[in-house]
Amino acid sequence: MEQLVTVKQGMQPRFGGVLVGIVKIGVADGAPAIQVWIRTAEQERKQAFREGQSVALPGAGTLRIDSIRPAEASTAASAVLAYDAGKD
């Protein structure tokens, strides 16, 4: 079953045993983008994503970038992540 999680820059949600640090939410090359650190006991990597892209979290399932909302004048940047523990 898919779980939706809204995140803001600086948050570090855990999906299964994988820590996902939200490094930056904004615009890159004219499109909304998010940059995250993916950390497990065995590895650590930084990766950038666009809406709709997904990544396998080692031993923990799949994380998809559902939506990205860059900061506006009065609203902080945020993103919605879709986590599915049934796929990895």
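Definitions and cut-offs
Residues numbered from 1 in each chain as written. Predicted model: local features only at pLDDT ≥ 70, side-chain atom pairs only at ≥ 80, totals over all residues. Heavy atoms only, no water. Core = buried A, V, L, I, M, F, W, Y, C linked by side-chain atoms within 4.5 Å. Buried < 20%, exposed > 50% of the residue type's maximum accessible area, 1.4 Å probe, protein only. Helix = DSSP H or I, 4+ residues; strand = E, 2+ residues; numbered from the N terminus. Contact = heavy atoms within 4.5 Å. Salt bridge = Lys/Arg side-chain N within 4 Å of Asp/Glu carboxyl O. Pairing = 2+ DSSP bridges.

A. Up close: the nonpolar core. Among the nonpolar cores identified, the biggest contains 21 residues, and Phe 15, Val 20, Ile 22, Ile 34, Leu 57, Leu 63 and Leu 81 are the most heavily contacted of them. Those elements giving two or more residues to this core turn out to be β1 (2-7), β3 (18-28), β4 (31-39), β6 (54-57), β7 (61-69) and β8 (78-84). Examining the composition of this core, we find that 4 residues originate from one element, β3, more than from any other. The contact partners of Phe 15, leaving out residues within four places of it in the chain, are Val 5, Val 20, Leu 57, Ala 60, Leu 63, Leu 81 and Tyr 83.

B. Structural view of the pattern of salt bridges. What the rule picks out here adds up to 4 salt bridges. Glu 2 is paired through a salt bridge with Arg 64; the nearest N and O atoms lie 2.9 Å apart. One end of the pair, Glu 2, is in strand β1; the other, Arg 64, is in strand β7, with 62 residues separating them in the sequence. Here the salt bridges do not stand alone but share partners, grouping Glu 2, Arg 64 and Asp 66 into one network.

C. Examining the pairing of β3 more closely. In the sheet, strand β2 (residues 14-15) pairs with β3 via 2 bridges, with the strands oriented antiparallel. Note that in β3 the partner of Phe 15 across the bridge is Val 18. Counting the residues that bridge the hairpin from β2 to β3 gives 2 residues, and of these Gly 16 lies at a positive phi of roughly 60 degrees. Direction of pairing for β3 relative to β4: antiparallel, over a ladder of 9 bridges. When the bridges of β4 are listed, Ile 22 appears paired with Val 36. If you look at the hairpin formed by β3 and β4, you'll find 2 residues sitting between the two strands, and Asp 29 has a positive phi there, around 55 degrees.

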